[in-house]
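# Close look at the chain arrangement
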Amino acid sequence: MDVQLKVVQGKPNGHALRFADGEFIFGRGPECHVRPNSDWVSRQHCMLRVHGDRVSIRDLGSTNGTLVNGHLLTEETDLQNGDRLQLGALVLQLVLLETPLAPLVPSITDTVVDQQHPTLPGVEILPQEQ
C-alpha cells in the first residue's frame, strides 16, 4: 500500500508527502521528520505510524492539539482513506493507494520537510498535481 498525505490547506498546497513503513514525528523541532513552519505547531506535535495496511496518528501533547476530520485527538487513532489531519493551519488529507508507486527514494525539496536532514528515510515529496 502507498501512504500519502496531500496538502489541502497550507503550503505547499497540492503537494503530497509519501511515507514508507515506520514512525514519523511532525513538529517544529529539528529532530522531527516533517516540520510545518507555523507557530501553531508544537516542537513535537504528533506522530504518524505506518505499519503494513494500518495508518494511525497520535498527538504528542501538543499545545493546540491535533484534529482528525475536525475532532480533537485524545488517543492514538487509526486513519482511513480520505481522512483529514489538521496541525494548526496545515490540513493534510490521507490518500491510500492499493498499488504502490515506485520505491521510495528520499527527495527532500520542500519547506514542509526538514531541510537539515537530506536523507530522511521513508519520506518523499511528490510533485503538485496538475
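Scope of this entry: the structure provided in the associated data block. Quantities reported herein were computed from a predicted structural model and do not represent experimental measurements.

Counted according to the given criterion, the structure contains zero disulfides. In this structure C32 is not part of a disulfide, and its nearest cysteine sulfur, from C46, lies 9.0 Å away. You can call C32 buried: its relative accessible area is 1%. A residue is classified by how much of its surface remains accessible, and C46, at 0% relative accessible area, is buried.

Another aspect to go through is the side chain of D83. Secondary-structure assignment places D83 in the loop between β8 (77-78) and β9 (84-87). Buried and without a salt bridge, D83 has R84 as its closest oppositely charged side chain, separated by 8.8 Å. Ignoring anything within four residues of it in the chain, the contact list for D83 reads V68, N69, D78, L92, Q93 and L94.

By the secondary structure assignment, R58 is in strand β5 (residues 54-59). A C-alpha to C-alpha distance of 5.3 Å links R58 and M47, two positions eleven residues apart in sequence. If we ignore the near neighbours within four places in the chain, the residues touching R58 are C46, M47, R49, L73 and E76.

Another point: the nonpolar core. Counting 23 residues, the largest nonpolar core has L5, F19, F26, L48, V55, I57 and L92 as the members making the most contacts within it. For this core, the elements supplying multiple residues, two or more each, are β1 (2-9), β2 (16-19), β3 (22-26), β4 (46-51), β5, β9 and β10 (90-97). Ranked by residues supplied to this core, first place goes to β10 with four residues. Not counting residues up to four positions away in its chain, the partners in contact with F26 are L5, F19, C32, V34, Q44, H45, C46, L48, L87 and L92.

Before going further, it helps to spend a moment on the packing of aromatic side chains. Under the definition given, this model contains two aromatic pairs. In textbook terms, an aromatic cluster arises when at least three aromatic residues are bridged by ring pairs, as seen for F19, F24 and F26.

Okay, the pattern of salt bridges next. According to the stated counting rule, one finds four salt bridges in the structure shown. Close ionic contact of D2 with R18 constitutes a salt bridge, the shortest N to O distance being 2.6 Å. Highlighted residues: D2 in strand β1 and R18 in strand β2, separated in sequence by 16 residues. Among the residues examined, R18 registers a relative accessible area of 5% and is labelled buried. For R49, the salt bridge goes to E76, with nearest N and O atoms at 3.0 Å. Pair noted here: R49 is in strand β4 and E76 is in the loop between β7 (71-72) and β8, with a separation of 27 residues, a long-range link. When its relative accessible area of 23% is taken as the criterion, R49 is described as partly exposed. We classify E76 as partly exposed; its relative accessible area is 30%. Through salt bridges with shared partners, one network takes in E23, R49 and E76.

Quick notes on the rules
- Residues numbered from 1 in each chain as written.
- Predicted model: local features only at pLDDT ≥ 70, side-chain atom pairs only at ≥ 80, totals over all residues.
- Heavy atoms only, no water.
- Disulfide = S-S within 2.5 Å.
- Buried < 20%, exposed > 50% of the residue type's maximum accessible area, 1.4 Å probe, protein only.
- Helix = DSSP H or I, 4+ residues; strand = E, 2+ residues; numbered from the N terminus.
- Lys, Arg positive; Asp, Glu negative; His and termini not counted.
- Salt bridge = Lys/Arg side-chain N within 4 Å of Asp/Glu carboxyl O.
- Contact = heavy atoms within 4.5 Å.
- Core = buried A, V, L, I, M, F, W, Y, C linked by side-chain atoms within 4.5 Å.
- Phe/Tyr/Trp six-rings, centres within 6.5 Å; stacked < 30°, edge-to-face > 60°.

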